[in-house]
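Secondary and tertiary structure notes
Each chain, written out:
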Amino acid sequence: MDKEQLKNEIGRLRREKHAVIMAHYYQEDDIQEIADVIGDSLALAQQAAKTDADIIVLCGVHFMGETAKIICPSKKVLIPDITAGCSLADSCEAAALKSFIEENPGHTVISYVNTSAAVKALTDIVVTSTNAVKIVNSLPQDEKIIFGPDRNLGNYINSLTGRNMLLWNGACSVHEQFSLQRIMQIRQDNPGAKLIAHPECKKEISGMADFVGSTAALISFVERDSATSFIVATESGVLFEMQRRCPTKQFIPAPPEDESCSRNVCKDMRLNTLEKLYACLRDETPEITVNPEIASKAIIPINRMLELSK
Ligand code: 13P
Ligand code: SF4
């Protein structure tokens, strides 16, 4: 089947099966184009909580599918490629986090949504990069907090809130790859272009950015800002929605250290393809499952996040 036929077939199956296709901004353009919902991690969780569809096809990485399944235990949650993982989620094993919590008693545990269900089950409040500062600020100033797994996001939140959260030493291998030197060169070659960065980037990048925010926050920034050119330091899939909303503005993907690449891509996010999306809707597999005991614990900090994000 060619691309158009695939898109038509996906549309037909989606209607017949009463399915909703949700996609993260890092998905390939073709998937974002046909998705019913495109969003950041928070929006995908919020939409999962709202949908009346029978099947959710989550075009993103495994933890996003798990989060949707925990929110909607009675729905079928599919993911085009079940092996789509996340280096950041992998940097925090539940058993190791459990020991860390035991070594540091008396702390509230805040986990970034980029974690396994088992880690969420050990957590008091889940956050995303959209709501993390707001949620941390909602806690008493003297509350002792463990934050994980992203040390860059943790440091960023500490700097904005004046907290001293105890940080897990994890990171996203994609966001850590941006080259400061190459970004500075692009800035020099494009005077007037604003640098915008995701808080998962290293401090050397986010510290010199004109704006730092989640994917959704970056998209709304470029829409409302008067600049006409932006250097974008996050996974380059986000450029699709930026260009769609602002067709006359210029978006330059911030490059990684690897000189042979001009843009930074999350290999896991890109494991999902139109072909796999079609096959997954047709065969209703691969399906995300979560151990019910873990899910019953993990839903508590997810619901706290959804409540605190209203
Ligand atoms: P957001 O879209 O929530 O900003 O998250 C970025 C990310 O890395 C998701 O894996
Ligand atoms: Fe995980 Fe990083 Fe990929 Fe996001 S970009 S899914 S944090 S590996």
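Predicted model, so just to flag it, every value in this text is computed and none were measured.

Let's shift gears to the packing of aromatic side chains. According to the stated counting rule, one finds four aromatic pairs in the structure shown. On the basis of an interplanar angle of 85° and a centroid distance of 5.3 Å, the ring pair of F100 and W168 is categorised as edge-to-face. With F100 in helix α6 (residues 94-103) and W168 in the loop between β8 (166-167) and α10 (180-189), this pair connects stretches of sequence that are 68 residues apart. Looking at W168, the relative accessible area reads 13%, which means it is buried. Measuring from centroid to centroid gives 4.3 Å for F211 and F221, while their planes differ by 5°, and the two rings are stacked.

For the rest of this paragraph, the subject is unusual backbone geometry. Residue G148 is joined to P149 through a cis peptide bond whose omega torsion reads -5°. Take P149: it is sitting in the loop between β7 (145-148) and α9 (151-161). Geometrically, the link from T285 to P286 is a cis peptide bond, its omega value of 0° lying close to zero. Mapped onto the elements, P286 comes out in the loop between α14 (274-283) and α15 (292-308). Despite not being glycine, H18 has its phi angle at roughly 50°, a positive value. Along the polypeptide, H18 turns up in the loop between α1 (3-16) and β1 (19-24). Look at H18 and you get partly exposed, because its relative accessible area is 36%.

Here we come to the nonpolar core. Counting 52 residues, the largest nonpolar core has I56, I70 and F147 as the members making the most contacts within it. With six residues, α15 is the largest single contributor of residues to this core. In terms of nonpolar packing, the next biggest core, distinct from the first, is built from 18 residues, A35, V57, C59 and Y278 among them.

Among the five residues of strand β3 (residues 55-59), five are classified as buried, and the element is accordingly described as predominantly covered. What you see with β3 is no split at all: I55, V57 and C59 on one side and I56 and L58 on the other are buried throughout. Relative to β3, β1 is paired through five bridges, and the arrangement is parallel. Paired with I21 across the strands is V57, a residue of β3. Pairing analysis gives three bridges linking β3 to strand β4 (residues 76-78), with the strands arranged parallel. Within β4, the residue paired with I55 across the bridge is K76. Tracing the backbone out of β3, into helix α4 (residues 62-71) and back to the parallel element β4 gives a crossover that is right-handed.

With that settled, the discussion passes to the site of ligand 1. For ligand 1, the set of nearby residues contains 13 residues, the closest of which are H24, S41, S129, H198 and T215. Between ligand 1 and N114 there is a distance of 3.2 Å, counted from an oxygen atom to a side-chain nitrogen or oxygen. Taking T215, its side chain carries an N or O atom lying 2.5 Å from an oxygen atom of ligand 1.

Let us look at the pattern of salt bridges. Following the criterion strictly, the structure yields 21 salt bridges and no others. We note a salt bridge from E9 to R12, for which the minimum N-O separation is 2.6 Å. Here E9 pairs with R12, and both are found in helix α1, just three residues apart, close to one helical turn. Overall, E9 belongs to the partly exposed group, its relative accessible area being 21%. When its relative accessible area of 31% is taken as the criterion, R12 is described as partly exposed.

Right, let's get into the packing of helix α3 (residues 41-50) against α4. The geometry of α3 relative to α4 is characterised by a closest axis approach of 9 Å and an angle of 30° between their N-to-C directions. Judged on the interaxial angle alone, α4 and α3 are roughly parallel. Viewed along their axes, α3 and α4 form a crossing whose handedness is right-handed. Contacts between α3 and α4 pair S41, L44, A45, A48 and A49 from the former with M64, T67, A68 and I71 from the latter. Partitioned by chemical class, the residues of the contact of α3 with α4 number seven nonpolar, two polar and no charged.

Here is what the cut-offs are and how they apply
- Residues numbered from 1 in each chain as written.
- Chains lettered and ligands numbered in written order.
- Predicted model: local features only at pLDDT ≥ 70, side-chain atom pairs only at ≥ 80, totals over all residues.
- Heavy atoms only, no water.
- Phe/Tyr/Trp six-rings, centres within 6.5 Å; stacked < 30°, edge-to-face > 60°.
- Helix = DSSP H or I, 4+ residues; strand = E, 2+ residues; numbered from the N terminus.
- Buried < 20%, exposed > 50% of the residue type's maximum accessible area, 1.4 Å probe, protein only.
- Core = buried A, V, L, I, M, F, W, Y, C linked by side-chain atoms within 4.5 Å.
- Pairing = 2+ DSSP bridges.
- Right-handed = clockwise from strand over helix to strand, strands pointing away.
- Near = heavy atom within 4 Å.
- Polar contact = N/O pair within 3.5 Å; in protein donor to acceptor, adjacent residues only side chain to side chain.
- Salt bridge = Lys/Arg side-chain N within 4 Å of Asp/Glu carboxyl O.
- Axes fitted to C-alpha atoms, helices over the stretch in contact; angles between N-to-C directions.
- Parallel < 35°, antiparallel > 145°, perpendicular 65-115°, else oblique.
- Left-handed = near helix turned anticlockwise from the far one by under 90°.
- Contact = heavy atoms within 4.5 Å.
- Nonpolar A, V, L, I, M, F, W, Y, C, P; charged D, E, K, R; others polar.

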